[in-house]
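One letter stands for each residue in the lines below.
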Amino acid sequence: LISFIFAIVYTFCLYKNHSGITYPIFMAATLTCLGYLRHKEGKTLISDVNGNKVLGIFYIASLMLLAIHRCLTTSWAIIALETLSTILLMFSYVIFLYIDTSKFDVAAWFESLFFTVLKPIEHFTSPVIDFIAFRVDNTGKMDEEKKKNLYAVFIGIVIAIPLLMIVISLLSSADMVFSRLTNNLWHSIELPTNFGDIIGVILTAVGIFWIAYTVICSLGKKELSIKTGVRGSNNPIIAITFTSILGIVYVAFCLIQVLCLFTGTVELPASYTYAGYAHEGFYQLVFVCLINLIMVSLCQRIFKKSNVLRLILTTIVVCTYIMIASSAYRMLLYIGVYHLTFLRLFVLWFLVVLAVWLLFLIISMYKENFPVFKASMVAITIAFVGFVYANPDYQIAKYDLLVTADKIDEYSSVQDYILDNLSTDAAPALVEKPILMKQFELEVISRYNQEHFNGIRKYNISYERAQVLFENTK
């Protein structure tokens, strides 16, 4: 019943509407359903398996803040990032409720996330079998023979549907009389004009019901077991060997960054500008930083404790900080010449998050019981909520309008970039520039107009009726 209610709420609130005013309503309803389920189990919505409540409150507050912001933005980039972060945060929250996460590291979190998504597949037939069992006997019990037979029938139907489609298609092409018969039968069915949406709503509701039921079924049976707080037993000399070789390369690279980029004591080749030099290596450096982050995490988890290894990993972390500083400085140099875009702002934010994550990793190397996963998750969530509520498109437009005479990327002017790339979130930055504001308004109306008249062609609405609709909506 809870899964059914959740599926109805999801479909009503989010079908073809993933960033509307109904999103916070959906999130509140989701937490309410989960709270009722927890109440039936004799537990609360905010406490984990050990009775800790602070992190539970944090999860709920973060999920609601992201849900509220979803209907306050028109930026597709922010909406995409919020979708991903909400999914990850919701799964983390459900894992927190059903599994002991007190000694989780980042690797354990990835493992639990993977199996939380994978395990429910084993319960794919459970909704049908459990429902029939309940109908047969209110105790929910059914003998094994009946259960096996029901399972066999269900699998048979699932196999029959695609086979039926293939066979009918082949037989129709093999015999004209049979083809005419099937065509006549199909055309005799009069479908409503909104038949596609009807099917879409039904499939969405059924799909979400299935996901909700199988996930909770899997977690409720406590099938997921993640080993935590166990130090690796592998020979640390393996790690010492490859990390020391990498460490030498990193130290040499970092010396070049200090001499060439930060102090300018080493001259660049004649064909290079500092902005070009900065942009050339930025994304490669970010990727290397991520590799180092993963490498340090895995070395701590896989290999035996070793003071030599810890010293080398600390050196690599320090080098990674220099690389992060180099990446940030390169990007700031590039922004100084080619101005600000959403991607450039986001990667600067990402570098700050990376630096914080590294800090927690280095603390965990010297303080064994430090909750690196919890600290990282809380810090990254707070940083992301702060990022989206800061209205990035507005901040970008505000910064770029200070340099309206210059080009930005492939656009002839900053104004063209703002009109073509930024969402209506940027509008407050334009209020002091009436001409640009009018251009922005006309651009938005023009795009809406185009989409609307595409709808006319699709749904065959009369031009006069469309004009009335457009004027009313505008």
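Structural notes, computed from the coordinates. If you're wondering where the values come from, they're calculated on a predicted model, not measured in any experiment.

### Notes on the overall build of the protein chain
Link 1 in the chain: Per the secondary structure count, the protein chain includes 18 helices and zero strands.
Link 2 in the chain: Counting the 474 residues in the protein chain, one finds 40% classified as buried.
Link 3 in the chain: Within the protein chain, contacts between residues at least 6 apart in sequence are counted, and of these 72% link residues at least 24 apart.
Link 4 in the chain: On the protein chain, roughly 27200 Å² of surface is accessible, and the fraction owed to carbon and sulfur atoms is 68%.

### Topic: a nonpolar patch on the surface
Link 1 in the chain: A cluster of nonpolar residues, I198, I199, I202, L203 and V206, forms a patch on the protein surface that exposes about 420 Å² of accessible area.
Link 2 in the chain: Summarising the element assignment, I202 is placed in helix α9 (residues 195-220).

### Some words on the environment of T73
Link 1 in the chain: Structurally, the position occupied by T73 is in the loop between α3 (54-70) and α4 (76-98).
Link 2 in the chain: For T73, a relative accessible area of 5% corresponds to the buried category.
Link 3 in the chain: Sequence-distant contacts of T73, that is, excluding residues within four places in its chain, are made with I78, I79, E82 and D425.
Link 4 in the chain: A polar contact of 3.1 Å, which involves the side chain of T73, links it to the backbone nitrogen of S75.
Link 5 in the chain: Among the polar contacts made by the side chain of T73, one reaches the side chain of D425 at a distance of 2.4 Å.

### So, the pattern of salt bridges
Link 1 in the chain: On inspection of all chains with the given rule, the structure shows three salt bridges.
Link 2 in the chain: K16 is the partner of D197 in a salt bridge, and the nearest nitrogen-oxygen pair spans 2.7 Å. Of this pair, D197 sits in helix α9 while K16 sits in the loop between α1 (2-14) and α2 (22-40), placing them 181 residues apart in sequence.
Link 3 in the chain: Under the relative-accessibility criterion, D197 is labelled partly exposed at 31%.
Link 4 in the chain: The residue E82 makes a salt bridge to R70 at a minimum N-O spacing of 3.4 Å. A residue pair is termed long-range when its members are at least 10 positions apart, and E82 in helix α4 and R70 in helix α3 qualify at 12 residues.

### Re unusual backbone geometry
Link 1 in the chain: At K16, a position not held by glycine, the phi torsion is positive, near 55°.
Link 2 in the chain: Taking the relative accessible area as the measure of exposure, K16 reaches 64% and is therefore exposed.
Link 3 in the chain: Phi at N391 takes a positive value of approximately 60°, unusual for a residue other than glycine.
Link 4 in the chain: Considering the arrangement of structural elements, one finds N391 in the loop between α14 (372-389) and α15 (392-400).

### Observations concerning the packing of α2 against α4
Link 1 in the chain: It is at 13 Å that the axes of α2 and α4 come closest, and there the two elements cross at 15°. The orientation of α2 relative to α4 falls into the category roughly parallel. Every pair of crossing elements has a handedness; the one defined by α2 and α4 is right-handed. Residues Y23, M27, T30, L31, L34, L37 and R38 of α2 lie in contact with α4, whose contacting residues are T86, M90, Y93, V94, L97 and Y98.

### Some words on α2
Link 1 in the chain: Counted at 1.5 Å a residue, the expected span for α2 with its 19 residues is 27 Å, and the 27 Å between its end C-alpha atoms agrees.
Link 2 in the chain: The positive-phi residue at the C-terminal boundary of α2 is G42, with phi of around 80°.

### Topic: the packing of helix α12 (residues 307-338) against helix α13 (residues 342-366)
Link 1 in the chain: Two elements in contact, α12 and α13, have axes separated by 10 Å at closest approach and are oriented at 165°. With respect to their mutual orientation, α12 and α13 come out roughly antiparallel. Crossing of α12 over α13 shows left-handed handedness.

### Thoughts on the packing of aromatic side chains
Link 1 in the chain: This structure, assessed with the given rule, holds 17 aromatic pairs.
Link 2 in the chain: Taken together, F342, F346, W349, F384 and F387 form an aromatic cluster joined through their ring pairs.
Link 3 in the chain: Across from the ring centre of Y98, 5.2 Å away, lies the NZ or CZ of R38, which sits over that ring.
Link 4 in the chain: The cationic tip of R70 hangs over the ring face of Y23; the distance from NZ or CZ to the ring centre is 4.2 Å.

### Remarks on the side chain of T320
Link 1 in the chain: With respect to the helices and strands, the residue T320 is situated in helix α12.
Link 2 in the chain: T320 gets classed as buried once you look at its relative accessible area, which sits at 0%.
Link 3 in the chain: The contact partners of T320, leaving out residues within four places of it in the chain, are C289, N292 and L358.

### Notes on the environment of W109
Link 1 in the chain: In this fold, W109 is placed in helix α5 (residues 106-118).
Link 2 in the chain: On the basis of relative accessibility, which here comes to 12%, the residue W109 falls in the buried class.
Link 3 in the chain: When the C-alpha atoms of W109 and K374 are compared, they prove to be 9.8 Å apart, with 265 residues separating the residues in sequence.
Link 4 in the chain: With residues near it in sequence (within four places) discarded, W109 still touches L88, S92, F104 and F373.

### Details of the nonpolar core
Link 1 in the chain: Counting residues in each nonpolar core, the largest one holds 74 residues, and the members touching the most others are F26, Y59, Y93 and I418.
Link 2 in the chain: The element that contributes the greatest number of residues to this core is α4, accounting for 10 residues.
Link 3 in the chain: Non-local contacts of Y59, meaning those with residues more than four positions away in its chain, are made with L89, S92, Y93, F96, F373 and M377.
Link 4 in the chain: In terms of nonpolar packing, the next biggest core, distinct from the first, is built from 33 residues, Y250, M295, C299 and V317 among them.

Rules behind the numbers
- Residues numbered from 1 in each chain as written.
- Predicted model: local features only at pLDDT ≥ 70, side-chain atom pairs only at ≥ 80, totals over all residues.
- Heavy atoms only, no water.
- Helix = DSSP H or I, 4+ residues; strand = E, 2+ residues; numbered from the N terminus.
- Buried < 20%, exposed > 50% of the residue type's maximum accessible area, 1.4 Å probe, protein only.
- Contact = heavy atoms within 4.5 Å.
- Areas by Shrake-Rupley, 256 points an atom, 1.4 Å probe, with all protein chains shown as cover.
- Patch = residues over 30% accessible without salt bridge, like charges linked within 9 Å, V, L, I, M, F, W, Y side chains within 5 Å.
- Salt bridge = Lys/Arg side-chain N within 4 Å of Asp/Glu carboxyl O.
- Polar contact = N/O pair within 3.5 Å; in protein donor to acceptor, adjacent residues only side chain to side chain.
- Axes fitted to C-alpha atoms, helices over the stretch in contact; angles between N-to-C directions.
- Parallel < 35°, antiparallel > 145°, perpendicular 65-115°, else oblique.
- Left-handed = near helix turned anticlockwise from the far one by under 90°.
- Expected span 1.5 Å × (residues − 1).
- Phe/Tyr/Trp six-rings, centres within 6.5 Å; stacked < 30°, edge-to-face > 60°.
- Lys NZ or Arg CZ within 6 Å of the ring centre and 35° of its normal.
- Core = buried A, V, L, I, M, F, W, Y, C linked by side-chain atoms within 4.5 Å.

Read these as layout, nothing more, since geometry by itself doesn't imply function.
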